[in-house]
Amino acid sequence: GAVVSQHPSWVICKSGTSVKIECRSLDFQATTMFWYRQFPKQSLMLMATSNEGSKATYEQGVEKDKFLINHASLTLSTLTVTSAHPEDSSFYICSARLRGGEQPQHFGDGTRLSIL
Amino acid sequence: DAKTTQPPSMDCAEGRAANLPCNHSTISGNEYVYWYRQIHSQGPQYIIHGLKNNETNEMASLIITEDRKSSTLILPHATLRDTAVYYCIVRVVYGGSQGNLIFGKGTKLSVKP
């Protein structure tokens, strides 16, 4: 149980385009979803936290107008990288948490984004 | 959320137990200890978590010291597929306000044949 699916797993696109990444909790309802970014040989960095039906909370230094997050249902959150540039190339990973205080977060397999 | 300290790397022989230490000396009473691992180019995988009692599941055992200032993750019979970066994270859990998982650098475990 507790499967998180992320799509696409890999995308290459031209500079200036926008890219949408989907994150779905397949077998549970996730009141809270999280978006992380990971650069090569570095650890995961939390970008934002999203609660179903409300605006996302962004970490310091993360541009909310560039990284649009929508959490429209208890099983789906999307991250849109707008007007992507080469410096946005990274490994983006989502996670979701079941209801309940101590419940662990479960992670998707990540999306490798390459901007040319 | 309290900070954790882990050794940057460890080696383990295949078939042996892997014991991964974590120091969280500033942990507070409402913080749980979580362990995740990340195999190259994949998302982190949840392993186990606990508050103060030792925990065991099909993947691993978690031993938390009585003062809760440190813990050890035990993989009883390591295999080559257990080679990964292991993260020990403490997270605030209380009422309706919860902390987030903040990843440090973790321990790179290399299981060798």
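Residues numbered from 1 in each chain as written. Chains lettered and ligands numbered in written order. Predicted model: local features only at pLDDT ≥ 70, side-chain atom pairs only at ≥ 80, totals over all residues. Heavy atoms only, no water.

K.L.:
Tell me about a nonpolar patch on the surface, residues and numbers included.
P.N.:
There is a patch of nonpolar side chains on the surface, built from A:Trp10, A:Ile12 and A:Leu116 and spanning about 380 Å² of accessible area. Along the chain, the position of A:Trp10 falls in strand β2 (residues 10-13). (Patch = residues over 30% accessible without salt bridge, like charges linked within 9 Å, V, L, I, M, F, W, Y side chains within 5 Å. Areas by Shrake-Rupley, 256 points an atom, 1.4 Å probe, with all protein chains shown as cover. Salt bridge = Lys/Arg side-chain N within 4 Å of Asp/Glu carboxyl O. Helix = DSSP H or I, 4+ residues; strand = E, 2+ residues; numbered from the N terminus.)

K.L.:
Go over the state of the cysteines, please, and point to the residues and values.
P.N.:
In total, this model carries two disulfides over all chains according to the counting rule given. A sulfur-sulfur separation of 2.0 Å characterises the disulfide bridge that pairs A:Cys23 with A:Cys94. Of note, the bridge from A:Cys23 to A:Cys94 carries an S-S torsion of about 80 degrees and is right-handed in sense. Of this pair, A:Cys23 sits in strand β3 (residues 19-25) while A:Cys94 sits in strand β9 (residues 90-98); the two residues are 71 residues apart in sequence, bridging distant segments of the chain. When its relative accessible area of 0% is taken as the criterion, A:Cys23 is described as buried. In this structure A:Cys94 comes out as buried when scored by relative accessible area, which is 0%. Residue B:Cys22 pairs covalently with B:Cys88 via a disulfide, S to S 2.1 Å. Between B:Cys22 and B:Cys88 the sulfur-sulfur dihedral comes to about -80 degrees; the bridge is accordingly left-handed. Pair noted here: B:Cys22 is in strand β2 (residues 18-23) and B:Cys88 is in strand β8 (residues 84-94), with a separation of 66 residues, a long-range link. (Disulfide = S-S within 2.5 Å. Buried < 20%, exposed > 50% of the residue type's maximum accessible area, 1.4 Å probe, protein only.)

K.L.:
Which residues make up the interface of chain B and chain A, and what values do they have?
P.N.:
Chain B puts 20 residues into the contact, and the matching count from chain A is 22 residues. Contact with chain A buries area across many residues of chain B, yet B:Pro44, B:Asn100 and B:Phe103 alone supply 26% of it, more than any other trio. Between the two partners, chain B and chain A, sit zero salt bridges. At the boundary of chain B with chain A, the tally comes to eight residue pairs in polar contact (both at pLDDT 80 or more). (Contact = heavy atoms within 4.5 Å. Buried area = accessible area lost by both parts, 1.4 Å probe. Polar contact = N/O pair within 3.5 Å; in protein donor to acceptor, adjacent residues only side chain to side chain.)

K.L.:
Outline the pattern of salt bridges, supporting the account with residue identities and numerical values.
P.N.:
Close approach of charged atoms lets side chains of opposite charge pair. All names here are of chain B. Applying the stated criterion to the full structure yields three salt bridges over all chains. Among the salt bridges present, the one from Asp82 reaches Arg37, with a minimum N-O distance of 2.8 Å. Of this pair, Asp82 sits in the loop between β7 (70-75) and β8 while Arg37 sits in strand β3 (residues 31-38); the two residues are 45 residues apart in sequence, bridging distant segments of the chain. Each of the two residues, Asp82 as well as Arg37, counts as buried.

K.L.:
Any details on the sheet that holds β3(A)? Residues and values, ideally.
P.N.:
Residue and element names in this part refer to chain A. What the four strands build is an open sheet, ordered β1-β3-β8-β7; its pairing is antiparallel. Single-partner strands in this sheet number two, and they are β1 (4-7) and β7 (67-73). Within this sheet the neighbouring strands show an average axis-to-axis angle of 15 degrees, counted without direction. Summarising the sheet, β3 and strand β8 (residues 76-81) pair through six bridges and their orientation is antiparallel. Bridging across to β8, Glu22 finds its partner in Thr78. (Pairing = 2+ DSSP bridges. Axes fitted to C-alpha atoms, helices over the stretch in contact; angles between N-to-C directions.)

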